[in-house]
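# Structural features, examined
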Amino acid sequence: MAVDHNAFITEETIEGDAEGGDADGPLAGTAVAVKDNISTEGIRTTCGSEMLADYVPPYSATVVDRLLDAGATIVGKTNMDEFGMGTTTETSAFGPTKNPVDPERVPGGSSGGSAAAVAAGEADVALGSDTGGSVRCPAAFCGVVGIKPTYGLVSRYGLIAYANSLEQIGPIAGTVEEAAAALDAIAGPDPRDGTTRDPSEVEGADPDASYAAAADGDVDGLTIGIPTELFEGADERVVETVEAAIADLEDQGAETAEISLPSVEHAVQAYYVIAMAEASSNLARFDGVRYGNRAESDGNWNESFAETREEGFGAEVKRRILLGTYALSAGYHDEYYEKAQDARAWVRRDFEEAFADVDVIASPTMPVLPFELGESLDDPLRMYLADANTTPANLANLPAISVPAGEADGLPVGLQLVGPKFDEETVIRAASAVEDAS
Amino acid sequence: MSDTSESTGDAGADEGGDADAPADSDAAAVDAEEVRHVADLARVRLADDEVETFAAQFGDILEYFEALDEVPETDREEELVNVMRPDEVEEGLSQEEALSNAEETEDGYFVGPKVS
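Residue positions are given per chain, counted from 1 along the sequence in the order it is written. A letter from A marks each chain and a number from 1 marks each ligand, given out in the order of writing. With the structure being a predicted model, the display of local features is reserved for residues of pLDDT at least 70 and the display and counting of side-chain atom pairs for 80 or more, all residues being used for whole-chain, interface and lining totals.

### Comments concerning the overall build of chain A
Threshold: Segments assigned H or I by DSSP are reported as helices when at least four residues long, segments assigned E as strands when at least two residues long, and all are numbered from the N terminus. For the radius of gyration, the atoms used are the C-alpha atoms, and the globule rule reads 2.2 Å times the number of residues raised to 0.38. The exposure scheme places C-beta atoms from the backbone and then counts, for each residue, the other C-beta atoms within 10 Å of its own, assigning buried at 20 or more, exposed at 12 or fewer, and partly exposed in between.
Scanning chain A from terminus to terminus reveals 13 helices and 11 strands. For 438 residues, the compact-globule formula gives about 22 Å, and the C-alpha radius of gyration of chain A, at 20 Å, lands near that figure. Counting only C-alpha atoms and orienting by the principal axes, one finds that chain A spans roughly 70 × 55 × 45 Å. Scored against the burial criterion, the 438 residues of chain A give a buried share of 64%.

### Examining the overall build of chain B
Each helix and strand in chain B was counted, giving 4 helices and 2 strands. N-terminal to C-terminal, the α/β element order of chain B is α-α-α-α-β-β. Burial status across chain B gives 30% buried among its 116 residues.

### Focus: the nonpolar core
The criterion, for reference: Nonpolar cores are built from buried Ala, Val, Leu, Ile, Met, Phe, Trp, Tyr and Cys residues. These are joined into a set through C-beta atoms within 7 Å. Throughout, a residue-residue contact means that the two C-beta atoms, derived from backbone geometry, are no farther apart than 7 Å.
By size, the foremost hydrophobic cluster in this structure holds 162 residues, and its most contacted members are Val32, Leu67, Ile172 and Val273 of chain A. The contact partners of Leu67 of chain A, leaving out residues within four places of it in the chain, are Leu27, Val32, Ala72, Ile74, Ala185 and Ile186 of chain A.

### Things to note about the environment of Ala400 of chain A
Residue and element names in this part refer to chain A. Relative to the helices and strands, Ala400 resides in strand β10 (residues 400–408). Expressed as a C-alpha distance, the spacing of Ala400 and Glu424, which sit 24 residues apart in the sequence, is 7.7 Å. Residues in contact with Ala400, not counting those within four places in the same chain, are Arg136, Lys148, Ala393, Gln416, Leu417, Val418 and Val427.

### Notes on the sheet that holds strand β11 (residues 411–418) of chain A
Residues and elements named next belong to chain A. What counts, and what does not: Paired strands, as defined in this entry, are two strands with at least two bridges between them according to DSSP. Axes here refer to lines fitted to C-alpha atoms; in helices the fit is confined to the stretch in contact. Angles between the N-to-C directions go from 0 to 180 degrees.
Across the sheet, 11 strands lie side by side as β1-β3-β2-β4-β6-β5-β10-β11-β9-β7-β8; this open sheet has mixed pairing. Strands with a single pairing partner mark the edges of an open sheet, and in this sheet they are β1 (8–10) and β8 (255–259). Ignoring which end each strand starts from, the neighbouring axes of this sheet average 35° apart. Both strand β5 (residues 145–148) and β10 contribute to a ladder of 3 bridges, which runs antiparallel. Directly across from Gly146, in β10, lies its bridge partner Ser402. Of the strands in this sheet, β7 (223–227), β8, β9 (360–364), β10 and β11 are in contact with helix α6 (residues 236–251), which crosses β10 at around 110°.

### Describing the interface of chain A and chain B
Frequently, the measure chosen for interface size is the accessible area that the parts lose on association. Operational definition: For this scheme, ten residues count as nonpolar: Ala, Val, Leu, Ile, Met, Phe, Trp, Tyr, Cys and Pro. Four count as charged, namely Asp, Glu, Lys and Arg, and the remainder, Gly too, count as polar.
Facing the 50 residues of chain A at the interface are 44 residues of chain B. Residue assignment for the side of chain A that touches chain B shows that the elements contributing at least two residues are α7 (267–282), α8 (301–312), α9 (315–328), α10 (333–354) and α11 (380–385) of chain A. Examining the composition of the side of chain A that touches chain B, we find that 10 residues originate from one element, α10 of chain A, more than from any other. Across the side of chain A that touches chain B, the residue classes break down as 26 nonpolar, 12 polar and 12 charged.

### Observations regarding helix α4 (residues 176–186) of chain A
For an α-helix, the turn length of 3.6 residues means that residues three or four places apart are oriented alike. The element α4 of chain A is extensively covered by neighbouring structure, given that 11 of its 11 residues are classed as buried. The first or second residue beyond α4 of chain A is Gly188 of chain A, which carries a positive phi of 125°.

### Focus on the pairing of β10 of chain A
Residue and element names in this part refer to chain A. Relative to β11, β10 is paired through 8 bridges, and the arrangement is antiparallel. Residue Ser402 lies in a different strand from β11, and its bridge partner there is Gln416. Hairpin connection between β10 and β11: a loop of 2 residues separates the two successive antiparallel strands, and Asp409 in this loop has a positive phi of roughly 50°.

### Remarks on the packing of α7 of chain A against α9 of chain A
Residues and elements named next belong to chain A. To be explicit about the condition: An angle below 35 degrees is treated as roughly parallel, one above 145 as roughly antiparallel, one from 65 to 115 as roughly perpendicular, and anything else as oblique.
Orientation of α7 relative to α9, taken along the N-to-C sense of each, is 100°, at an axis distance of 7 Å. One way to sum up the angle between α7 and α9 is to call them roughly perpendicular. Contacts from Val273, Met276, Ala277, Ala279 and Ser280 of α7 reach α9 at Arg320, Ile321, Leu323, Gly324, Thr325, Ala327 and Leu328. Of the residues assigned to the contact of α7 with α9, the class counts are 8 nonpolar, 3 polar and 1 charged.

### Some remarks on the environment of Ala173 of chain A
Residues and elements named next belong to chain A. Structurally, Ala173 can be placed in strand β6 (residues 168–173). Linking Ala173 and Arg344, residues 171 residues apart in sequence, is a C-alpha distance of 30 Å. Sequence-distant contacts of Ala173, that is, excluding residues within four places in its chain, are made with Val118, Asp124, Val125, Val144, Val145, Glu178, Ala179 and Ala182.

### Overview of unusual backbone geometry
Residues and elements named next belong to chain A. Going from Gly109 to Ser110, the amide bond is cis rather than trans, its omega being 5°. Inspection of the secondary structure puts Ser110 in the loop between β3 (73–78) and α2 (112–119). Notably, Asn397 is not glycine yet its phi reads approximately 65°, a positive angle.

### As for helix α3 (residues 48–65) of chain B
How we decide: A helix is expected to reach a length of 1.5 Å times the quantity of its residues less one.
Counted at 1.5 Å a residue, the expected span for α3 of chain B with its 18 residues is 26 Å, and the 25 Å between its end C-alpha atoms agrees. Those residues of α3 of chain B not exposed but buried are Phe54, Ala55, Ala56, Gln57, Phe58, Gly59, Asp60, Ile61, Leu62, Glu63, Tyr64 and Phe65 of chain B.

### Thoughts on the pairing of β7 of chain A
Residue and element names in this part refer to chain A. Here 5 bridges tie β7 to β8, and the two strands are oriented parallel to one another. The residue bridging Pro227 from the neighbouring strand is Ile259, located in β8. Relative to β9, β7 runs parallel, the two sharing 2 bridges. Paired with Gly225 across the bridge in β9 is Ile361.

### Brief notes about the packing of helix α2 (residues 32–41) of chain B against α3 of chain B
Between two packed helices, what matters for the description is the angle formed by their axes and the separation of those axes. Residue and element names in this part refer to chain B. Look at α2 against α3: their axes get within 9 Å of each other, and the N-to-C directions meet at 100°. Viewed along their axes, α2 and α3 adopt a mutual orientation that is roughly perpendicular. Counting all contacts with α2, which are made through Ala32, Val35 and Arg36, the residues of α3 involved are Val51, Glu52, Phe54, Ala55 and Phe58. When the residues that make up the contact of α2 with α3 are grouped by side-chain class, the tally is 6 nonpolar, no polar and 2 charged.

### A word on the confidence of the model for chain B
All names here are of chain B. Note the threshold: On a range of 0 to 100, pLDDT expresses the predictor's confidence in each residue.
Of all residues in chain B, 76% attain a pLDDT of 70 or more, and the chain-wide mean is 80. When mean pLDDT is compared element by element in chain B, strand β1 (residues 105–106) scores highest at 97, while helix α1 (residues 10–13) scores lowest at 36. Below pLDDT 50 for its whole length, residues 1–26 participates in 48 contacts with residues either more than four positions away or in separate chains. At the level of chain-chain contacts, confidence expressed as ipTM amounts to 0.92, with global pTM at 0.93.

### Structural notes on the environment of Thr13 of chain A
All names here are of chain A. With respect to the secondary-structure elements, Thr13 resides in the loop between β1 and β2 (31–35). Judged by the 11 C-beta atoms lying within 10 Å of it, Thr13 falls in the exposed class. In sequence terms Thr13 and Thr196 are 183 residues apart; their C-alpha atoms lie 28 Å from each other. Apart from residues lying up to four places away in sequence, Thr13 is in contact with Thr73, Ile74 and Val75.

This is the structure:
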């Protein structure tokens, strides 16, 4: 490793076998990196925050147990935007991760360490978490594959919460098939997460789905929806690359249809209001009493909490807690939070209507090429706007994948495919055909 | 905030970059006092320079959020069901494990800061 990309916060190995795993399991011999907001028993789990710099979970997340049961070896905990709040991995208290494709640029975020570890060959597969694009964005920026599963497909037990109603854990890998195989290992209902669904009880879902087997590249007869709203305003170089990849799918027998999703113009606003509101509540637990660093304070209860949180949280986390508190406060709740919930329902309905006519919906994953390091740090709104194409899938609870579409100016461009609820197989199949063409 | 046309200068005058919020919308100005009030509610102490920076940034961000005004009221029909399980005693964390990350403990309890 000639360049240190700062992809890992903690490098430590957990052998699948040692935890009662299966040496012949489907992930035997697979090195998996795990985002540092996913709990690993006995190995510190920091969320990229000073607050949890010394936090050592007494239990593991369900996804970690499932990886080990499948025979995988965990190779470390990856760098991330603090508590998942960022699009560049620059808000980490442990320093930014560099993009292995171009170390002057960000790897995307918030699961930037996970994507960089895979892109640099430091792991075969990595787990990230995707609240508004945090798996797909870094996958796109680093030139690898990332899957955001349908809400409820993968257990969040042991994932340190940022915005529960939006987030899912998802795999990142060099190929669609490898990412799909990791999804096979981690998916499925968990009694410890009441929001997981049993596919056998979900209408239209395939309880015997094999995601890896779906990566067969067969798009003959598939109808791909092209939403104009997710191409307008994107960088021309990105649009050209994505359109060329879609043309390749047409050559393989897919059909395309222009569609309109007017609600997505409001997705970023709705996403940030809801995510910040949920964050302000979720992060209230960090008071320095049960876990986390505590400030030296002579003050009373409230003063001590406020000082602990001043020291423990970085600027972006404070910004989101404060804006979330504001959006939920008396007098502003109806104006921001209620309207955001209306927008969320509208986005969901738009996608439902679109899927009556098309099988998957394609767009650029990110409307921009990877930022240079430091470029967007002082302009939070500019960073938020980069999430325009990824947030709709979280608001609508839908499965989405980012697959490399090619390069523009030597930088990776990701193509995003969104599918109907619990139809991961179709997005995986379509994404594998994009790979075949490039 | 959209109903107040009161602007405190820097935050309100600073148009939100390429945000596509309507240019003629009422400025979502936030002053330092409001930032301090919200920070107090959220139990986050802020340095003075952080208050100034946040006031300007919140003005831009909230102005952008105001485009939510254009969202039509939408029926939120969701198939939500409660997920219940029998309330049975199960293995959980030991007291020692539960206390293992606390800064200060005493006789098996968490020790918090003084109340007043």
